[in-house]
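# Observations on the model geometry
What follows is each chain in one-letter form.
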Amino acid sequence: FFFLLLFISIRGVTGQPKEIIVFLVFLQGYPLPNVALKGEATQSSTLSVATASKAIDGRWNSFYSNGFCSHTAEDETDPWWRVDLQRSFTVTAVKVTNRGDCCAERLDGAEIRIGNSLENNGNNNPRCASISHINAGKTYTFQCDGGSMEGRFVNVFLPGQKKTLTLCEVEVYAAPAGRA
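Residues numbered from 1 in each chain as written. Predicted model: local features only at pLDDT ≥ 70, side-chain atom pairs only at ≥ 80, totals over all residues. Heavy atoms only, no water.

A separate point is the overall build of the protein. Summing up its helical and strand segments, the protein has zero helices and eleven strands in all. If you list the helices and strands of the protein from N to C, you get β-β-β-β-β-β-β-β-β-β-β. Partitioning the contacts of the protein with sequence separation of at least 6, the portion at a separation of at least 24 is 72%. Within the structure as shown, the protein displays about 9,900 Å² of accessible surface, and the carbon and sulfur contribution to it stands at 52%. (Helix = DSSP H or I, 4+ residues; strand = E, 2+ residues; numbered from the N terminus. Contact = heavy atoms within 4.5 Å. Areas by Shrake-Rupley, 256 points an atom, 1.4 Å probe, with all protein chains shown as cover.)

Listed below in structure tokens is the structure:
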């Protein structure tokens, strides 16, 4: 975020033209950190070596064949992916990078859920946002409905039968709970 401060100083002597001095000051604030990088990821199943942790490795490589994406088993019912942030945070944004080499539509209809419960593997936590579509290889930033949400667990849940969940990167921008 940025702040712009404008200072105007008007100087002059009575009967003399006035001099206007304008100062512009830009202050750049520090964005919230991607707390997913220090989390622990898990998922409902794993295809080959495409473990859940690949989605929080800090790499935005969207080609599954390059080995940097998570992937559940194919044709699963209600697949899910979860990151445990290790403590509760106030989450303001979640960025998701979709697979780029094929199958972008597989992520359509997924839900981002945030909360402190592991009931139903965390998939019963409140919904932050729904993923209608992310183009192949693209990253989309989701702001939670109604602003920020508090929670330790961030899930990507894909309801339905014969579904496959592939995530190439998930970033969670948050502040410790109570400090946002």
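On to the side chain of Arg-82, then. Note on placement: Arg-82 falls in strand β5 (residues 80–97). In this structure the side chain of Arg-82 is engaged in a polar contact, spanning 2.7 Å, whose partner is the backbone oxygen of Asn-121. Once residues within four sequence positions are removed from consideration, Arg-82 is found in contact with Glu-40, Ala-41, Thr-42, Leu-118, Asn-121, Gly-122, Phe-153, Val-154 and Asn-155. (Polar contact = N/O pair within 3.5 Å; in protein donor to acceptor, adjacent residues only side chain to side chain.)

This part takes up unusual backbone geometry. The phi dihedral of Gln-86 is positive, around 80 degrees, even though this residue is not glycine. Note on placement: Gln-86 falls in strand β5. Looking at Gln-86, the relative accessible area reads 35%, which means it is partly exposed. Phi angles above zero are rare outside glycine, and Cys-103 is one such case at about 60 degrees. Residue position: Cys-103 is located in the loop between β5 and β6 (110–115). (Buried < 20%, exposed > 50% of the residue type's maximum accessible area, 1.4 Å probe, protein only.)

Turning next to the pairing of strand β11 (residues 169–176). Extensive coverage of β11 is indicated by the burial of seven of its eight residues. Pairing geometry for β5 and β11, over eight bridges, is antiparallel. What sits directly across from Thr-90, in β11, is Ala-175. (Pairing = 2+ DSSP bridges.)

Counting residues in hydrophobic clusters, the biggest one holds 31 residues, and the most contacted among them are Trp-81, Val-96, Leu-107, Ile-112, Ile-114, Leu-167 and Val-172. Every element with two or more residues in this core is listed here: β5, β6, β7 (127–131), β9 (149–157) and β11. When residues of this core are assigned to their parent elements, the largest contribution, seven residues, is made by β5. If we skip the residues at most four places from it in the chain, Leu-167 touches Ala-55, Cys-69, Ser-70, Trp-81, Val-96, Thr-97, Leu-107 and Val-156. (Core = buried A, V, L, I, M, F, W, Y, C linked by side-chain atoms within 4.5 Å.)

Relative to the helices and strands, Phe-68 is located in the loop between β3 (40–43) and β4 (70–71). Given the relative accessible area of 21%, Phe-68 is considered partly exposed. Separated by 15 residues in sequence, Phe-68 and Ser-53 place their C-alpha atoms 9.1 Å apart. Not counting residues within four places of it along the chain, the set of residues in contact with Phe-68 comprises Lys-54, Asp-57, Arg-59, Asn-61 and Cys-168.

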